[in-house]
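Structural characterization, general
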Amino acid sequence: MIEDRNAINEENMNAKFKEPEFLSAFIDKYREMRNLWEVKHPQYYLKHVRKSTLERLLTFVQTFIPEATMEILLQNIGILRNMYKREHNKIQNSLKSGASADDVYVPRLWYYNKLHFLDDQTEARASLSTLPSTLPSTLPCTLPYTPAEADEDQAGSSILEEPDVTIWSQ
């Protein structure tokens, strides 16, 4: 019985959270709190400041949804960001596919444009190579430049022959 009541309350909260009037105001408030989403913000990595900002955002949410909790707030922020990223990726993929302007994916989320401030925050980080920038000198990684050098370095016949000039002139 209690579990049923909790499920109904959570469902009711999610329905309230999705109401356009509230969601629009929530996104605007979230955008103002840059240290919650802007990774280059000086206070982004300061946990105590982020917690304080989240508490202010929760107070704002509770004016519309009194039963909202921090857990529900964080869950809904994650859902919003995830939904935005999905739509953004669909657009990018349709652009990369070479689709004509008429065939480019059109986002279905009514609040998609309100979340554009997340664009540069959701891009994939540049990957770092774990390979060394130069190969160790102990590896035989260079080929001889000319057939004569090949003969000097290796016993036996060279696998490098004079290049066919007709191939290069075409």
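Every chain begins its residue count from 1, and numbering advances along the sequence as written. It should be noted that, the model being predicted, local features are given only for residues of pLDDT at least 70 and side-chain atom pairs only at 80 or more, the latter also being counted only at that level, while totals for whole chains, interfaces and linings use all residues. Based on all heavy atoms of the structure, the side-chain values leave hydrogens and waters out of the count.

1. A look at the packing of helix α3 (residues 47-64) against helix α4 (residues 70-96)
The N-to-C vectors of α3 and α4 enclose an angle of 95°; their axes lie 10 Å apart at closest approach. Comparing the axis directions of α3 and α4 gives the class roughly perpendicular. Across from Leu 54, Glu 55, Leu 57, Leu 58 and Val 61 in α3, the residues of α4 making contact are Met 70, Leu 73, Leu 74 and Ile 77. Each residue receives one of three labels: charged for Asp, Glu, Lys and Arg, nonpolar for Ala, Val, Leu, Ile, Met, Phe, Trp, Tyr, Cys and Pro, and polar for the others, Gly being one of them. Along the lines of polarity and charge, the residues of the contact of α3 with α4 split into 8 nonpolar, no polar and 1 charged. Only the stretch in contact is used when fitting a helix axis, every axis being a line fitted to C-alpha atoms; angles between N-to-C directions are given from 0 to 180 degrees. Helix numbering and strand numbering both begin at the N terminus, where a helix is a DSSP run of H or I of at least 4 residues and a strand a DSSP run of E of at least 2. For classification purposes, an angle smaller than 35 degrees is called roughly parallel, one larger than 145 roughly antiparallel, one from 65 to 115 roughly perpendicular, and anything else oblique. Should any heavy atoms of two residues lie within 4.5 Å, those residues are counted as being in contact.

2. Topic: the pattern of salt bridges
Every case where a carboxyl oxygen of Asp or Glu lies within 4 Å of a side-chain nitrogen of Lys or Arg is listed as a salt bridge. What the rule picks out here adds up to 6 salt bridges. Its salt-bridge partner being Asp 28, residue Lys 114 comes within 2.9 Å of it at the nearest N-O pair. With Lys 114 in the loop between α4 and α5 (147-153) and Asp 28 in helix α2 (residues 20-32), the pair connects residues that are 86 residues apart, well separated along the chain. The buried label applies to any residue whose accessible area, calculated with a 1.4 Å probe on protein chains only, is under 20% of its type's maximum; exposed applies above 50%, and partly exposed to all values in between. By relative accessible area, which is 23% here, Lys 114 ends up partly exposed. Since its relative accessible area comes to 28%, Asp 28 is described here as partly exposed. Close ionic contact of Glu 32 with Lys 29 constitutes a salt bridge, the shortest N to O distance being 4.0 Å. Pair noted here: Glu 32 and Lys 29 are both in helix α2, with a separation of 3 residues, about one helical turn.

3. What to know about α2
Between the first and last residue of a helix there are one fewer steps than residues, each counted as 1.5 Å, and that sum is the expected span. The end-to-end C-alpha separation of α2 is 18 Å, in line with the 18 Å expected for 13 residues at 1.5 Å each. Buried residues of α2: Phe 22, Leu 23, Phe 26, Ile 27 and Tyr 30, and no others. Summarising the axial view, the buried residues of α2 lie within an arc of 130°, below the 170-degree limit, and thus occupy one face. Opposite the buried face of α2, at more than 90 degrees from it, the exposed residues are Pro 20, Glu 21 and Glu 32. This arc is taken over the directions from the axis of the helix to the C-beta atoms.

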